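# Architecture and fold: a report
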Amino acid sequence: MYAIVEIAGQQFKVSKDQKVYVHRLGEEEGNKISFDKVLLLDDNGTVTLGAPAIDGASVEAKVLKHLKGDKVIVFKKKRRKGFKKKNGHRQSLTQIIIESIVASGSAPKKAAPKKEAAPKAEKAADAPVAEKAAPKAKASKKGDDLKKIEGIGPKAAEALVAAGIDTFAKLAKASAESVKEILDASTSKLSHLDPTTWGQQAQLAADEKWDELQKLQDELNGGKAV
């Protein structure tokens, strides 16, 4: 039996008694921890897929130790500019051991969505034409792709959107301190990010000055000024 589970923003294929290295977790060594974002289960050939996660399924593990990974050298050079930058990085990791995979309650629920769909159809039939047009106008509104800002990944973008910052213009107006508070309050371990240059990048993106934005990002290292 094995499962595909999301741990600290990464997906792993795990089975019982397997040791796995994941991004640093907040639990202390020796503590037990449970992960409920199980995306797939294979129980002796019987495969269950989540949508996206499987209800009731979880992976139980124990924290063995905290450590750092091998050093990675990050070297940047710009031709004919006399620019060279060399940095070393060691990723903070946590070693865990998978103690068990719980598959109870993993049967998908099909009846509930059908029951909810029927009243919506009846309400739509009874609603005036003006009310029917309103949801379409809302659906057409889309926020900006905040991941175009160097230093913002999918988890950080998700946290900002949840806090109401879903466009470049809003991010440009937000102070670095307020953005840092949003990252620190997130459950996705984003407190290590530095949003100092995000507002400047977002202003260039909002003004559609993409060449200037690219030039600025060439001078940054992971979103930080060098």
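For the structure itself, look to the data block above.
Notes on the structure in this doc start here. (Residues numbered from 1 in each chain as written. Predicted model: local features only at pLDDT ≥ 70, side-chain atom pairs only at ≥ 80, totals over all residues. Heavy atoms only, no water.)

## Comments concerning the pairing of strand S4 (residues 32-35)
Of the two faces of S4, only one is covered, namely that formed by Ile33 and Phe35; the face formed by Lys32 and Ser34 stays uncovered. When S4 meets strand S7 (residues 58-68), the two strands line up antiparallel, connected through four bridges. Directly across from lysine 32, in S7, lies its bridge partner lysine 62. (Buried < 20%, exposed > 50% of the residue type's maximum accessible area, 1.4 Å probe, protein only. Helix = DSSP H or I, 4+ residues; strand = E, 2+ residues; numbered from the N terminus. Pairing = 2+ DSSP bridges.)

## What about the packing of aromatic side chains?
In the structure shown here, the tally under the stated rule is one aromatic pair. Measuring from centroid to centroid gives 6.3 Å for phenylalanine 168 and tryptophan 210, while their planes differ by 75°, and the two rings are edge-to-face. Placement of phenylalanine 168 in helix H4 (residues 168-173) and of tryptophan 210 in helix H7 (residues 210-218) is noted, with a sequence separation of 42 residues between them. Its relative accessible area of 5% is what places phenylalanine 168 among the buried residues. The exposure class assigned to tryptophan 210 is partly exposed, which follows from its relative accessible area of 38%. Its guanidinium or amino end placed over the ring of tyrosine 2, lysine 13 lies 4.4 Å from that ring's centre, counting from NZ or CZ. A cation over a ring is seen here: lysine 148 above tryptophan 210, with NZ or CZ 5.2 Å from the ring centre. (Phe/Tyr/Trp six-rings, centres within 6.5 Å; stacked < 30°, edge-to-face > 60°. Lys NZ or Arg CZ within 6 Å of the ring centre and 35° of its normal.)

## Remarks on the sheet that holds S7
Strand order in the open sheet formed by four strands is S3-S10-S7-S4, and the pairing between neighbours is antiparallel. Two strands close off the open sheet at either side, each with one partner strand: strand S3 (19-23) and S4. On average, adjacent strands in this sheet sit at an angle of 45° to one another, irrespective of strand direction. (Axes fitted to C-alpha atoms, helices over the stretch in contact; angles between N-to-C directions.)

## Concerning a positive patch on the surface
Together, Arg24, Lys68, Lys71, Lys86 and Arg90 make up a positively charged patch on the protein surface. With respect to the helices, strands and loops of the structure, arginine 24 is situated in the loop between S3 and S4. (Patch = residues over 30% accessible without salt bridge, like charges linked within 9 Å, V, L, I, M, F, W, Y side chains within 5 Å. Areas by Shrake-Rupley, 256 points an atom, 1.4 Å probe, with all protein chains shown as cover. Salt bridge = Lys/Arg side-chain N within 4 Å of Asp/Glu carboxyl O. Lys, Arg positive; Asp, Glu negative; His and termini not counted. Charge placed at Lys NZ, Arg CZ, Asp CG, Glu CD.)

## Some thoughts on H7
Quick reminder: α-helices carry 3.6 residues per turn. Residues three or four places apart thus point the same way. When we look at burial in H7, the residues that qualify are Leu213, Leu216 and Gln217. Projected down its long axis, H7 carries its buried residues within an arc of 95°, all on one side. In H7, the exposed positions angled more than 90 degrees off the buried face are occupied by Asp211 and Lys215. Looking at the packing, one finds that the buried side of H7 touches helix H6 (198-206) and strand S11 (220-221). (Arc of directions from axis to C-beta. Contact = heavy atoms within 4.5 Å.)

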